[in-house]
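What the coordinates show
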Amino acid sequence: MPFPKPFAAAAGTIRSRLSAAVRTRGGDGTSRWTSPGHQEQPNGYPFNRTPLPPGQSRKWEDWELPCYITSFLTIVILGVGLNAKPDLTLETWAHQQALQRLQAKQIAAADDSE
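Residues numbered from 1 in each chain as written. Predicted model: local features only at pLDDT ≥ 70, side-chain atom pairs only at ≥ 80, totals over all residues. Heavy atoms only, no water.

The name an unreviewed UniProt entry gives the protein is NADH:ubiquinone oxidoreductase, ESSS subunit, with Actinidia rufa as the organism.

Put into C-alpha cells, the structure is as follows:
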C-alpha cells in the first residue's frame, strides 16, 4: 500500500486552496484573475459605449469597412459556390446507374420483341 501521508498532505493543500478561492470571491470584485484596471464594470450601454450627443454620428474605425466588405463577399461566394457544386452523393450515383440499367433492359426487350 502506498504511503498515506503524502496523499493526505496533498489533499489538505488542495482543500485549503479551494476554501481560500471561495473566500476571495467576496463582493469587492477582485480575484486572482482580475484586478483593478484590467476589467471595466459595465455601464449599461451596448459594447460599454456611452451614447453620442444628439445630431452627432459615430465615426467608423479603420478596420470596420474592410471587415464588412470581406464578410459580405464571403457570404456571396459561399452562397453561390455551395449552390453550384455538383451532386456527388452515393444515392444520386446509384439512381443514375439504376436508370441506365432500366433503359438498357427496355432497349433489350424492344429488340427481342421485334
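Considerations on the overall build of the protein
Short version of the rule: Here a helix means four or more residues in a row that DSSP labels H or I, a strand means two or more in a row labelled E, and each is numbered from the N terminus. Residue burial considers only the protein chains on display, and all accessible areas are found by Shrake-Rupley using a 1.4 Å probe.
Scanning the protein from N- to C-terminus turns up three helices and zero strands. Each helix and strand of the protein, ordered N terminal to C terminal, gives the series α-α-α. Only carbon and sulfur atoms are counted for the fraction: they give 63% of the accessible area of the protein, which is about 11200 Å².

Comments concerning the packing of aromatic side chains
The description of two aromatic rings rests on the distance between their centres and on the angle between their planes. As a reminder of what qualifies: What counts as a ring pair is set by centres within 6.5 Å for rings of Phe, Tyr and Trp (its six-membered ring), and what kind of pair is set by the plane angle: stacked under 30 degrees, edge-to-face over 60, tilted for all other angles. Burial status follows relative accessibility: with a 1.4 Å probe on protein chains alone, a residue under 20% of its type maximum counts as buried, one over 50% as exposed, and anything between as partly exposed.
For the structure on display, the rule yields one aromatic pair. With a centroid separation of 5.5 Å and an interplanar angle of 80°, the aromatic rings of W60 and Y68 are classed as edge-to-face. Classification of Y68 by relative accessible area gives partly exposed; the value is 40%.

Describing the pattern of salt bridges
Heads up, the condition is: A pair is scored as a salt bridge if a Lys or Arg side-chain nitrogen falls within 4 Å of a carboxyl oxygen belonging to Asp or Glu.
Evaluation of the coordinates by the stated rule reveals two salt bridges. One salt bridge in this structure joins R49 and E61, with 3.4 Å as the shortest N-O distance. Placement of the pair is R49 in the loop between α1 (4-23) and α2 (64-84) and E61 in the loop between α1 and α2, with a sequence separation of 12 residues. The class for R49 is partly exposed, based on a relative accessible area of 40%. Between R58 and E64 there is a salt bridge, and its shortest N-O distance comes to 3.1 Å.

Topic: a nonpolar patch on the surface
For clarity, the threshold we go by: Only residues whose relative accessible area exceeds 30% and that form no salt bridge enter a patch; like-charged residues are grouped when within 9 Å of one another, and nonpolar side chains (Val, Leu, Ile, Met, Phe, Trp, Tyr) when within 5 Å.
Among the surface-exposed residues, W60, W63, L65, Y68, I69, F72, L73, V76, I77 and V80 lie close enough to one another that they form a single nonpolar patch of about 1100 Å² accessible area. In this fold, W63 is placed in the loop between α1 and α2. On the basis of relative accessibility, which here comes to 48%, the residue W63 falls in the partly exposed class.

Considerations on the environment of L52
Mapped onto the secondary structure, L52 falls in the loop between α1 and α2. On the basis of relative accessible area, L52 is assigned to the partly exposed category, the value being 43%.

Describing the confidence of the model for the protein
The condition is simple: Each residue carries a pLDDT value, the predictor's own confidence for that position, ranging from 0 to 100.
The share of residues in the protein with pLDDT of 70 or more is 77%, and the mean pLDDT across the chain is 82. The weakest mean pLDDT in the protein belongs to α1 at 75; the strongest belongs to α2 at 96.

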